Amino acid sequence: QVQLVESGGGLVQPGGSLRLSCTASGSIFSINAMGWYRQAPGKQREMVAVITSGGSTSFADSVKGRFTLSRNNAKNMVYLQMNSLKLEDTAVYYCNARLRAGSAWGQGTQVTVSS
């Protein structure tokens, strides 16, 4: 099993920045990719950014150029740096680990962009 713990959410004004962190523990050898998804009220959960074990990254079109994704393999952590935040970035952000069999999710962290 893999456990994921997120941190770093909060309230920020439009144009501001936040960094989300996710720490993985447990059977980390089974992780093929890690990333972030988000779910806004009344909407489906959507992929934000993913990084594979080989280091390849993918981003949703809506965040390209504003969000970056990085990882620290020694600490089993991934980071989502969010810049130029917009009102529509408001959502609960979930860390995800894609495993050899199935996936794991964190508990979610709220990001609110508001003036």
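Given the structure is predicted, the values throughout are model-derived calculations rather than measurements.

1. Some remarks on the sheet that holds strand E1 (residues 2-7)
Sheet strands associate in pairs through backbone hydrogen bonding, adopting either a parallel or an antiparallel arrangement. Read from one edge to the other, the open sheet built from four strands follows the order E1-E3-E8-E7, with strand pairing classed as antiparallel. Since the sheet does not close on itself, it has two edges, and those belong to E1 and strand E7 (67-72), each with one partner. In this sheet, adjacent strand axes meet at a mean angle of 20° when their direction is disregarded. By the bridge criterion, six bridges tie E7 to strand E8 (residues 77-82) in an arrangement that is antiparallel.

2. Considerations on the pairing of strand E9 (residues 91-99)
Where burial is concerned, most of E9 is hidden: seven out of the nine residues are buried. Note: strand E4 (residues 31-39) against E9, eight bridges, orientation antiparallel. Bridge pairing links Gln-39 to Val-92 in E9. Note: E9 against strand E11 (residues 109-113), three bridges, orientation antiparallel. By the bridge assignment for E11, Ala-91 is matched with Val-111. Note: E9 against strand E10 (residues 103-105), three bridges, orientation antiparallel. For Asn-96, the partnering residue across the bridge sits in E10 and is Trp-105. If you look at the hairpin formed by E9 and E10, you'll find three residues sitting between the two strands, and Gly-102 has a positive phi there, around 90°.

3. So, the packing of aromatic side chains
With the rule as written, the count across this model stands at two aromatic pairs. Ring centres 5.1 Å apart and planes at 70° place the aromatic pair Tyr-37 and Trp-105 in the edge-to-face group. Taken together, the positions of Tyr-37 in strand E4 and Trp-105 in strand E10 put the pair 68 residues apart, joining distant regions of the chain. Seen in terms of ring centroids, Tyr-94 and Trp-105 are 6.4 Å apart; in terms of plane orientation they differ by 85°. Their pairing is edge-to-face. Here Tyr-94 is found in strand E9, whereas its partner Trp-105 is found in strand E10, with 11 residues between them in sequence. For Tyr-94, a relative accessible area of 15% puts it in the buried group. Its relative accessible area of 36% is what places Trp-105 among the partly exposed residues. Following the ring pairs from residue to residue traces out a cluster consisting of Tyr-37, Tyr-94 and Trp-105. Note that Arg-45 overlies the ring of Tyr-94, its terminal NZ or CZ placed 3.8 Å from the centroid. We note Arg-45 situated over the ring of Trp-105; from NZ or CZ to the ring centre the distance is 4.6 Å.

The rules behind the values
- Residues numbered from 1 in each chain as written.
- Predicted model: local features only at pLDDT ≥ 70, side-chain atom pairs only at ≥ 80, totals over all residues.
- Heavy atoms only, no water.
- Pairing = 2+ DSSP bridges.
- Helix = DSSP H or I, 4+ residues; strand = E, 2+ residues; numbered from the N terminus.
- Axes fitted to C-alpha atoms, helices over the stretch in contact; angles between N-to-C directions.
- Buried < 20%, exposed > 50% of the residue type's maximum accessible area, 1.4 Å probe, protein only.
- Phe/Tyr/Trp six-rings, centres within 6.5 Å; stacked < 30°, edge-to-face > 60°.
- Lys NZ or Arg CZ within 6 Å of the ring centre and 35° of its normal.

Geometric values such as these leave the question of function open.
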